[in-house]
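Residue-level structure breakdown
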Amino acid sequence: MHHNATAVVQTHNEFFRVVCGEDIPSNELQRMQSNISGLASSAHGLFDSGRCADYLLEKMHFYSDAHSWIDGMGRYDLSIGMRIHDAIAAILGGGLGVCVTHDARTHELASTMEIPWIDAADLSEALSCTRLQHIIRFDAARFDKARQHLTAAYQEVLKSSGLTLRQPEMLP
């Protein structure tokens, strides 16, 4: 099976600078290697740190605005990540965005918005797409209902603050 996967950089200034082709001082490269080693070890033996580093250097992307991020995520059927914004961008782009909930904050956000999520502790069980589909928590009807409820709540807060609302611009 062929996987066309990518890594989206959202933080870590060093990784961003690599994506932009900047020279990185050796002490920062050592710190990056340590981060990559930690990432590789948390992948339960799927990567050694050298393969993980090569993969990240080849596949990293950084989006500088929401429109390009949503458009970029639309190229993929599935996005799995630890940032709620990545899951939202994937959903808006037309794919399945799954948030890996790794703390109470991400769990609460994913649950409140009813977006697809998986607990980080269960991720090691999801080493195949078949297994993954059984442990992702998602209900499409609840997602639609939550989206309508949250939109109405946001609109009410904005209106009560004296703001005039206009229809949002539709993405292509």
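For the structure, see preceding data.
Conventions used here
- Residues numbered from 1 in each chain as written.
- Predicted model: local features only at pLDDT ≥ 70, side-chain atom pairs only at ≥ 80, totals over all residues.
- Heavy atoms only, no water.
- Helix = DSSP H or I, 4+ residues; strand = E, 2+ residues; numbered from the N terminus.
- Buried < 20%, exposed > 50% of the residue type's maximum accessible area, 1.4 Å probe, protein only.
- Contact = heavy atoms within 4.5 Å.
- Areas by Shrake-Rupley, 256 points an atom, 1.4 Å probe, with all protein chains shown as cover.
- Core = buried A, V, L, I, M, F, W, Y, C linked by side-chain atoms within 4.5 Å.
- Pairing = 2+ DSSP bridges.
- Salt bridge = Lys/Arg side-chain N within 4 Å of Asp/Glu carboxyl O.
- Axes fitted to C-alpha atoms, helices over the stretch in contact; angles between N-to-C directions.

Description of the overall build of the protein
Summing up its helical and strand segments, the protein has eight helices and five strands in all. Taken from the N to the C terminus, the helices and strands of the protein come in the order β-α-α-α-β-α-β-α-β-α-β-α-α. Of all 172 residues assigned to the protein, the portion counted as buried reaches 28%. Sequence separation of at least 24 residues holds for 33% of the intrachain contacts in the protein that already meet a minimum separation of 6. Summed over its atoms, the accessible surface of the protein is roughly 11,700 Å², and 54% of this surface lies on carbon and sulfur atoms.

A few points about the nonpolar core
Soluble globular proteins: nonpolar side chains tend toward being buried together. Core analysis: the biggest nonpolar cluster contains nine residues, these being I84, A87, C99, A110, M113, I115, W117, F143 and L150. Listing elements by their share of this core, those giving two or more residues are α5 (84–92), α6 (104–113) and α8 (140–160). Sequence-distant contacts of I115, defined by excluding residues within four places in its chain, comprise I84, A87, I91, C99, A110, R137, F138 and F143.

A short note on the pairing of strand β4 (residues 96–101)
The buried count for β4 comes to five of six residues, which makes it a mostly enclosed element. Pairing geometry for strand β3 (residues 78–81) and β4, over four bridges, is parallel. Residue G81 lies in a different strand from β4, and its bridge partner there is C99. Sheet topology places β4 next to strand β5 (residues 117–119); three bridges connect them, and they run parallel. Counted as the bridge partner of C99 is W117 from β5.

Re α5
Of the positions making up α5, those classed as buried are I84, D86, A87, A89 and A90. G94 occupies a position one or two residues after α5 and carries a positive phi of about 100 degrees.

Focus: the side chain of E114
Among the secondary structure elements, E114 is positioned in the loop between α6 and β5. The contacts of E114, once residues within four sequence positions are left out, are F138, R142, F143 and A146.

Topic: the pattern of salt bridges
In this structure the tally under the stated criterion is three salt bridges. In this structure, the salt-bridge partner of D103 is R105, at a minimum N-O distance of 3.9 Å. For D103, a relative accessible area of 30% translates into the label partly exposed. With relative accessibility at 48%, the residue R105 sits in the partly exposed group.

Brief notes about the sheet that holds β3
One open sheet holds the three strands; their spatial order is β3-β4-β5, and the pairing between them is parallel. A single partner strand is all that each edge strand has here, and the edge strands are β3 and β5. Neighbour-to-neighbour, the strand axes of this sheet turn through a mean angle of 20 degrees, independent of strand direction. Sheet strands in contact with α5 are β3 and β4, and its direction is about 170 degrees off that of β4.

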